[in-house]
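Take a look at the letters that make up each chain.
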Amino acid sequence: MSVKQPVSIHLNLKSDSKLALLETLCQSFWEAGKLFNRKQFLEEVLKRETLLSTYCGEGVAIPHAASAAVKEPAFIFARCAEINWDEEESPVQFIILLAIPQVAEGEESPHIEMMSEIATLALDEEIRAVWASARDEKTILKTFI
């Protein structure tokens, strides 16, 4: 994977809604210099959510968007109190937001590789146990390197 570690790690993200949570994470991308346009990226992540839920089971959601608002591939890890991701889904505790640059037709996108590697990690029971019990960012970081 071209992106080995998260731009930021949020261990106790407090949020009362999926929207507020995604706004906070998009702001982290913005502050890290990974976006050309924070609002556009957030809108595209939300639009992607309306197409198909990014809940992938086991308390994990992997929201994402391929967007011209993204400077370079990046992701953020967040752990929060359980939040309802979608009406019909189980609660989510771990969110991994992917920012993927939009590429021209015919160019190779990092999208599939990023999704595959992150999903493989997220669905590993031992890794989720580390995520659930971690008391510091360094412990979370080790699961991605």
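Just so it is clear, the model here is predicted, and its values are computed rather than measured.

Let us look at the overall build of the chain. The helix and strand inventory of the chain stands at 5 helices and 6 strands. Listing each helix as α and each strand as β along the chain from the N terminus yields β-α-α-β-β-β-β-β-α-α-α. The C-alpha atoms of the chain give a radius of gyration of 14 Å, which matches the 15 Å a tight globule of 145 residues would have. For the C-alpha atoms alone, the extent of the chain along its principal axes is close to 40 × 30 × 25 Å. Within the chain, the fraction of its 145 residues that count as buried is 45%. Only carbon and sulfur atoms are counted for the fraction: they give 48% of the accessible area of the chain, which is about 7800 Å². Charged side chains in the chain number 14 positive and 23 negative. The centres of these two groups are separated by 7 Å.

Our focus in this paragraph is the pattern of salt bridges. Counting across every chain of the model gives 5 salt bridges. Between Asp-86 and Lys-18 there is a salt bridge, with its nearest N and O atoms 3.1 Å apart. Highlighted residues: Asp-86 in the loop between strand E5 (74-84) and strand E6 (91-101) and Lys-18 in helix H1 (residues 18-31), separated in sequence by 68 residues. One salt bridge in this structure joins Glu-43 and Lys-39, with 4.0 Å as the shortest N-O distance. Linking Glu-43 with Lys-39, this pair stays in helix H2 (residues 38-51), spanning 4 residues, or about one helical turn.

A positive phi angle is found at Glu-58, which is not glycine, with a value near 55 degrees. Looking at the element boundaries, Glu-58 is found in the loop between strand E2 (55-57) and strand E3 (60-61).

This paragraph deals with helix H4 (residues 125-133). Among the residues of H4, Ile-127, Arg-128 and Trp-131 are the ones counted as buried. Take H4 and look down its axis: the buried residues cluster within an arc of 100 degrees, on one side only. Exposed positions of H4 whose direction lies more than 90 degrees from the buried face are Glu-125, Glu-126 and Ser-133.

Atomic detail in the predicted coordinates should be set aside for any region of low pLDDT. Per-residue confidence for the chain averages 89 on the pLDDT scale, and 93% of its residues sit at or above 70. Confidence, read as mean pLDDT per element, is least for helix H3 (residues 111-122) in the chain (83) and greatest for H4 (96).

Below, the discussion takes up the side chain of Thr-143. Locating Thr-143 in the fold gives a position in the segment after helix H5 (137-142). A distance of 2.6 Å separates the side chain of Thr-143 from the backbone oxygen of Ile-140, its partner in a polar contact. Look past the residues within four positions of Thr-143 in its chain and what remains in contact with it is Leu-121, Ile-127, Val-130 and Trp-131.

This part takes up the packing of aromatic side chains. Summed over the entire model, instances satisfying the criterion amount to 7 aromatic pairs. Aromatic side chains Phe-29 and Phe-41 sit 5.8 Å apart centroid to centroid with 85 degrees between the ring planes, which places their arrangement in the edge-to-face category. With Phe-29 in helix H1 and Phe-41 in helix H2, this pair connects stretches of sequence that are 12 residues apart. Each member of the pair, Phe-29 together with Phe-41, is buried.

Definitions and cut-offs
The numbers attached to residues start from 1 for each chain and follow its sequence in the written order. Thresholds applied to this predicted model are a pLDDT of at least 70 for local features of residues and 80 or more for the giving and counting of side-chain atom pairs; totals over whole chains, interfaces and linings are not thresholded and use all residues. Side-chain descriptors were evaluated using all non-hydrogen atoms of the structure, hydrogens and water having been removed beforehand. The helix and strand labels rest on DSSP assignments: H or I over at least four residues marks a helix, E over at least two residues marks a strand, and numbering proceeds from the N terminus. Restricting the calculation to C-alpha atoms gives the radius of gyration, and the globule rule supplies 2.2 Å times the number of residues raised to the power 0.38. Think of it in three bands: with a 1.4 Å probe and only protein chains considered, a residue is buried below 20% of the maximum accessible area for its type, exposed above 50%, and partly exposed in between. Surface accessibility follows the Shrake-Rupley procedure with a 1.4 Å probe radius. Residue values consider only the protein chains on display as shielding. When charges are counted, Lys and Arg contribute as positive and Asp and Glu as negative, whereas His and the chain ends are disregarded. By convention, the charge on Lys lies at NZ, on Arg at CZ, on Asp at CG and on Glu at CD. Each reported salt bridge corresponds to a side-chain nitrogen of Lys or Arg within 4 Å of a carboxyl oxygen of Asp or Glu. Taken from the helix axis, the directions to the C-beta atoms give the arc we talk about. What pLDDT expresses is the predictor's confidence in each residue, scored from 0 to 100. Polar contact criterion, stated in full: a pair of N or O atoms within 3.5 Å, where within protein one must be able to donate a hydrogen and the other to accept it, and residues adjacent in sequence count only if both atoms are side-chain atoms. When checking whether two residues touch, look at their non-hydrogen atoms; a contact exists if any pair is within 4.5 Å. Ring pairs are drawn from Phe, Tyr and Trp, using the six-membered ring of Trp, whenever the two centres fall within 6.5 Å, and their geometry is named by plane angle: stacked under 30 degrees, edge-to-face over 60, tilted for the rest.

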